[in-house]
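Given next are the chains, with one letter for each unit.
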Amino acid sequence: MSGAAPIHIVEPRLVNEVGHCLSLVRALAGAASEAGAGERLTIWGGAGSAAFWRGPGELRPVFHRRFRRIQTLWLLRRLLREPGRILIATAGTTDLALAGIAAAGRTIAPHRLHLFVHWVGAKAGKTKLLARIAQRQPNLRVFGPTPAVVDLFARCGFEASLVPYPVEAADETPAAVEPFRHLLVAGGARMDKGLDRIVALVDEMQARGSTLGITIQTSAEAQHARDAEVAGWLGRLRHSTLPGLVLRSEALAPDAYRALFRGAIVVQPYRAADFADRVSGVTLDALAAGAPVVATAGTWMARLIDAHGAGVAVADLGAPSLRAAIETVRADYAGFAARARRASQQLREAHSARALIDALLEGEEGA
């Protein structure tokens, strides 16, 4: 490909296999390879990422959690002085501010720096800061997975585009619906993901003498690993005597993680205020495996499962309400799972990582 410059994917949070950084970056790298750009791709990840990265692209494990921001600044300053296109895979307001500092008073050229912003918290003064950055750096390009994210950045003056949250093309929809096996709480243990609600559900199941199996991933994502509140709730889970409770504290390899979803009902009592317009990779993983979902009403997840009839949304996150929703799905598990499988087939195409990679390469000679 003549005129092809290097491509850099920057993901400081790629430090282990917990959460969705790995699957996101792997999806992007696979799409870049499919687009003929794999040989010029470099992924800048966390210090522990070399242990589990299998390509494509060259991985450079440079980031340490304590120094992540200053290292991001250093890396952006370096990369902006070299040829190539840069994508920050899980960007936030801090990354936009660092980009402005890294430019050192110069205007960043078009097609150089791109940021995929999954969601934006509603902090006071954030829009004013973003507007100032957009005014100083009009060529920064922001991608967002939901209209609310895109609209916010467009109002602030950025070139903002809607692209779907990428899923891995390698994932395959199960050939047939599997029978119900267990409840599943997947992903990193976090308070905004309803960890306290899950503990309450386990307590109620124990009090009622439930024999249902429930598997819970208890590994905390790096930024939540030292959260005292998370630690307290995880301690309660470890002391539970519920017979069917299985706690998975280890970081799982991709195949082992996907295996958890087979025959599962995925329970996601996430906080509505935090996930009203925020994409959940766990929901996409669930549907990819043909697993129905119980989710919080008024969230992105609820709208997705409602649109496909692939689960039940509940406004009341108390244990009795969650249990009732679970029983609704169990009563017609085959039907819910079949609809989840059909949803997966549609979503795999709609959430192809090629959309983001093609947008990143837009305007490139030979692209």
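Calculation rules
Residues numbered from 1 in each chain as written. Predicted model: local features only at pLDDT ≥ 70, side-chain atom pairs only at ≥ 80, totals over all residues. Heavy atoms only, no water. Helix = DSSP H or I, 4+ residues; strand = E, 2+ residues; numbered from the N terminus. Polar contact = N/O pair within 3.5 Å; in protein donor to acceptor, adjacent residues only side chain to side chain. Contact = heavy atoms within 4.5 Å. Axes fitted to C-alpha atoms, helices over the stretch in contact; angles between N-to-C directions. Parallel < 35°, antiparallel > 145°, perpendicular 65-115°, else oblique. Left-handed = near helix turned anticlockwise from the far one by under 90°. Nonpolar A, V, L, I, M, F, W, Y, C, P; charged D, E, K, R; others polar. Pairing = 2+ DSSP bridges. Salt bridge = Lys/Arg side-chain N within 4 Å of Asp/Glu carboxyl O.

Undergrad: Honestly, the side chain of His351 in this entry has me stumped. Any pointers?
TA: By secondary structure assignment, the location of His351 is in the loop between α13 (333–350) and α14 (354–361). A polar contact of 2.7 Å, which involves the side chain of His351, links it to the backbone oxygen of Tyr165. Every residue in contact with His351, bar those within four places of it in the chain, is listed here: Pro164, Tyr165, Pro166, Val167, Leu284 and Trp300.

Undergrad: Teacher, can you tell me more about the packing of helix α6 (residues 195–207) against helix α7 (residues 228–238) here?
TA: To describe two helices that pack against each other, one gives the angle between their axes and the distance between the axes. Interaxial distance between α6 and α7 falls to 10 Å at its minimum, and their mutual angle equals 15 degrees. In terms of axis orientation, α6 runs roughly parallel to α7. For the element pair α6 and α7, the recorded crossing hand is left-handed. In contact with Leu195, Asp196, Val199, Val202 and Asp203 of α6, α7 contributes Val230, Trp233, Leu234, Arg236 and Leu237. A breakdown of the residues in the contact of α6 with α7 according to their chemical character gives 7 nonpolar, no polar and 3 charged.

Undergrad: How should the sheet that holds strand β11 (residues 264–268) be read in this particular structure?
TA: To summarise the sheet geometry, strands pair through backbone hydrogen bonds and adopt either a parallel or an antiparallel arrangement. Spatial strand order, β10-β9-β8-β11-β12-β13: 6 strands in an open sheet with parallel pairing. Looking at which strands have only one partner, the edges of the open sheet turn out to be β10 (245–248) and β13 (311–314). Direction aside, the axes of adjacent strands within the sheet are offset by 20 degrees on average. Relative to strand β12 (residues 293–296), β11 runs parallel, the two sharing 3 bridges. Within β12, the residue paired with Val266 across the bridge is Val293. Of the strands in this sheet, β8 (182–185), β9 (214–217), β10 and β11 touch α6, which is tilted by about 155 degrees from β9. Contacts from helix α10 (residues 281–288) reach β11 and β12, with the element oriented near 165 degrees to β11.

Undergrad: Quick question: what am I supposed to make of the pattern of salt bridges here?
TA: Pairing is possible between side chains that carry opposite charge, provided their charged atoms lie close to one another. Under the defined criterion, the tally for this structure stands at 16 salt bridges. Here Arg78 and Glu82 are joined by a salt bridge, their closest N and O atoms 3.3 Å apart. A single salt-bridge network, built from bridges that share partners, covers Glu34, Arg354 and Asp358.

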